[in-house]
Each structure stands twice: as structure tokens, then as C-alpha cells.
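Geometric and topological summary
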Amino acid sequence: MKKSVIAALFILTGSVMSAQKATIKPGIKIGYTLSDVTPDYIDSAGNSGKYGMAGSYRIGGFLVFPAGKDIMLQASVFLTGKKSSYKYNNSLPLYGPSSDYLRFSYIELPVSLLYKLKSGKGFFFGGGGLSPALRIWRHYYYSSEKFDLGLNLAAGYQTPLGFVLQLDLTKGLIPVGENYYTSQKQKLITLGLTLGSIF
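Keep in mind that what you see is a predicted model, and the values were worked out from it rather than measured. (Residues numbered from 1 in each chain as written. Predicted model: local features only at pLDDT ≥ 70, side-chain atom pairs only at ≥ 80, totals over all residues. Heavy atoms only, no water.)

1. Observations concerning the overall build of the chain
Rule in force here: Here a strand is any run of E in DSSP of at least two residues, a helix any run of H or I of at least four, and the numbering for each starts at the N terminus. Using a 1.4 Å probe on the protein chains alone, a residue whose accessible area is under 20% of its type maximum counts as buried, one over 50% counts as exposed, and one in between counts as partly exposed. For accessible areas, the Shrake-Rupley method is used with a probe of radius 1.4 Å. Any residue's cover is judged against the shown protein chains and nothing else.
From N to C terminus, the chain includes 1 helix and 11 strands. The order of helices and strands in the chain, counted from the N terminus, is α-β-β-β-β-β-β-β-β-β-β-β. Expressed as a percentage of its 199 residues, the buried residues of the chain come to 42%. Surface summary for the chain: the accessible area is close to 10,700 Å², and the carbon and sulfur share equals 66%.

2. A closer look at a nonpolar patch on the surface
What counts, and what does not: Only residues above 30% relative accessible area that lack a salt bridge enter a patch, with like-charged residues linked at up to 9 Å and the nonpolar side chains Val, Leu, Ile, Met, Phe, Trp and Tyr linked at up to 5 Å. One side-chain nitrogen of Lys or Arg within 4 Å of one carboxyl oxygen of Asp or Glu is enough to make a salt bridge.
A surface patch of nonpolar side chains, amounting to about 850 Å² of accessible area, comprises Ile 30, Tyr 57, Ile 59, Val 77, Leu 79, Ile 107, Leu 109, Leu 134, Ile 136 and Trp 137. Counting only elements with at least two residues in the nonpolar patch, the list comes to β3 (48–66), β4 (71–89) and β7 (122–138). Of all the elements, β7 adds the most residues to the nonpolar patch, at 3 residues. Note that Ile 136 resides in strand β7.

3. Topic: the nonpolar core
Test applied: For this analysis, a nonpolar core means a set of buried residues of the types Ala, Val, Leu, Ile, Met, Phe, Trp, Tyr and Cys, connected via side-chain atoms within 4.5 Å.
Within the largest apolar cluster, 11 residues are counted, these being Val 37, Tyr 41, Tyr 51, Tyr 86, Tyr 88, Leu 102, Phe 104, Tyr 106, Ala 133, Val 176 and Leu 188. Contributions of two or more residues to this core are made by β4 and β5 (97–108). Counting residues per element, this core draws most heavily on β5, which supplies 3 residues. Formed by 9 residues, the second largest nonpolar core is a distinct cluster that contains Met 72, Leu 114, Phe 123 and Val 164.

4. Here we look at the packing of aromatic side chains
This is how it is decided: Only centres within 6.5 Å qualify two rings of Phe, Tyr or Trp (six-membered ring in Trp) as a pair; their planes then separate them into stacked at under 30 degrees, edge-to-face at over 60, and tilted for everything else. A ring has a charge above it when a Lys NZ or an Arg CZ is no more than 6 Å from the ring centre and no more than 35 degrees off the ring normal.
Evaluation of the coordinates by the stated rule reveals 5 aromatic pairs. Ring geometry for Phe 124 versus Tyr 157: centroids 4.8 Å apart, planes at 55°, classification tilted. With Phe 124 in strand β7 and Tyr 157 in strand β8 (residues 147–158), the pair connects residues that are 33 residues apart, well separated along the chain. Among the aromatic residues, those joined into a ring-pair cluster are Tyr 51, Tyr 86 and Tyr 88. The ring of Phe 62 is capped by Lys 29, whose NZ or CZ atom sits 4.7 Å from the centre of that ring. Cation over ring: Lys 83 sits above Tyr 101, and NZ or CZ is 4.4 Å from the ring centre.

5. Let's talk about unusual backbone geometry
Look at the link from Thr 38 to Pro 39: it is a cis peptide, with omega at 0°. Along the chain, the position of Pro 39 falls in the loop between β1 (25–38) and β2 (41–42).

6. Description of the layout of surface pockets
Rolling a probe over the atoms, with the probe sized like a water molecule, indicates the empty space that remains. Under the convention used in this document: Points on a 1 Å grid over protein atoms alone make up a cavity when a 1.4 Å probe fits among them but cannot get out, and a pocket when they form an open set with protein on both sides within 12 Å along at least five of seven lines; lining residues each have an atom within 4 Å of a point. Grid points are joined across faces, edges and corners, and a volume is the space filled by probe spheres set on the points. Under the scheme applied here, ten amino acids are nonpolar (Ala, Val, Leu, Ile, Met, Phe, Trp, Tyr, Cys and Pro), four are charged (Asp, Glu, Lys and Arg), and all others, including Gly, are polar.
Estimates place the volume of the second largest pocket at around 250 Å³. Lining the second largest pocket we find 15 residues, and of these Lys 25, Met 72, Lys 116, Phe 123 and Gln 158 sit closest to its centre. Breaking the lining of the second largest pocket down by element, the ones donating at least two residues are β3, β6 (111–119) and β7. With 3 residues, β3 is the single largest residue contributor to the lining of the second largest pocket. For the lining of the second largest pocket, the residue count by class is 7 nonpolar, 4 polar and 4 charged.

7. Re the side chain of Asp 148
The cut-off we apply is this: Charged residues are defined narrowly, with Lys and Arg counted positive, Asp and Glu counted negative, and His plus the chain ends left uncounted. Two residues form a contact once any of their heavy atoms are found within 4.5 Å.
For Asp 148, the position within the fold is in strand β8. Within the buried core, Asp 148 has no salt-bridge partner, and the shortest N-O distance to an opposite charge, that of Lys 82, equals 4.3 Å. When sequence neighbours within four positions are dropped, the list of residues in contact with Asp 148 reads Lys 82, Tyr 106, Ser 131, Pro 132, Ala 133, Gly 172, Ile 174, Val 176 and Leu 188.

8. Things to note about the pairing of β3
Applied cut-off: One requirement defines pairing of two strands: DSSP has to find at least two bridges between them.
For β1 and β3, the ladder comprises 11 bridges, and the chain directions are antiparallel. If you follow Ser 35 over to β3, its bridge partner there is Ala 54. Both β2 and β3 contribute to a ladder of 2 bridges, which runs antiparallel. For Tyr 41, the partnering residue across the bridge sits in β3 and is Gly 49. Alignment of β3 against β4, held across 16 bridges, turns out to be antiparallel. Each bridged residue has a counterpart across the sheet, and for Val 64 the counterpart in β4 is Gln 74.

Following this line, the structure appears as C-alpha cells:
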């Protein structure tokens, strides 16, 4: 499945790019992410854990090219940090509660089909697509899969000068790991805000 999804994304991107070579526009982006691991848990001994959103980074480049009159395809490559807070409550009074962070670094390759809505000389845009990702680093004690695949929803605004403000919500579709205590499969959800510029 992983190979099929990646191949489909490359074929889709490649076919549109070959048809629109003259109008490809490259750009760069930098931004901030908030990530969370789901679900929370409680095991049979009464130990519980709660995850919450925490901030990290996103930096990379992207290509934009038309796929229709008011439609564009955006293909990106990002180095993305994903960080989630973690609060653990031990059922034994001797230990009590503790807190930490789960931290990951990914190479992400989101591809989104976006609809443009003109606003003066600039335009708003919105749409979605898929975001495959490869984990290149993780917090030392958390067991996780190297590959992730998310459904990405995107919205933003592009100014007449080519500056782009974009908000992305990426919901993990496959488990990235399992809980040490309960063996529950866990997924990532990430909210990202980026500021970019088209060359």
C-alpha cells in the first residue's frame, strides 16, 4: 500500500508537471506546527496517559502549477517537526504523575489539489490531498513506524507579490506506533501554519 500511494502521487505530479512545464512556479516556506498523538489511554492497572498539542517547526520548498482554470496543484517537500505533550498518571501513589514530550522529525511530501477564489489582485485558495511522510528521528523511548500517511486539508491566501500564508490540517490515516502499556494503535494529527514566497 505504501509503495502504491507514493507511486500514485509521483505519477499525478509528474503528469501535470509535464503538461504545464512553462507555468511551474517554485517557492519556499517556513512555519510552525502543533501536533497531537491520539488516542489517550488507561490500562487495566489504572495507569493513564493524556496527550496534548505542542509546537515545533516546518521548513521546505514547493511547486505550484495549474491543473485547470481555477485549480492548481501544490507539491511540497518539508522537514517537519512533530511534538506532542504527554502526561502520565501512575496508579501507585509512590510514583505519582509525570510529564514529558513525544518528539519526531519527518520528511513530508504533501500533494494538494487547490481551488482558487479571486480577491482583488490576490486570491484565496482551499482544498486537500495526501501527505506521505518518512520519519528520520524520534524521541528515544517511543516506538513508532517510519512511514506515515495523512489526509491533508489546506487553506490560505496568496498576495499579488507572491507571498503565501497557508494553514494545513493533516490527519494521520495509518498508525505510527502503539502504546507501550495498552498496545493501542496511535496516530498523529498536525496543524501547520506557514509563510512562503513564490519566486
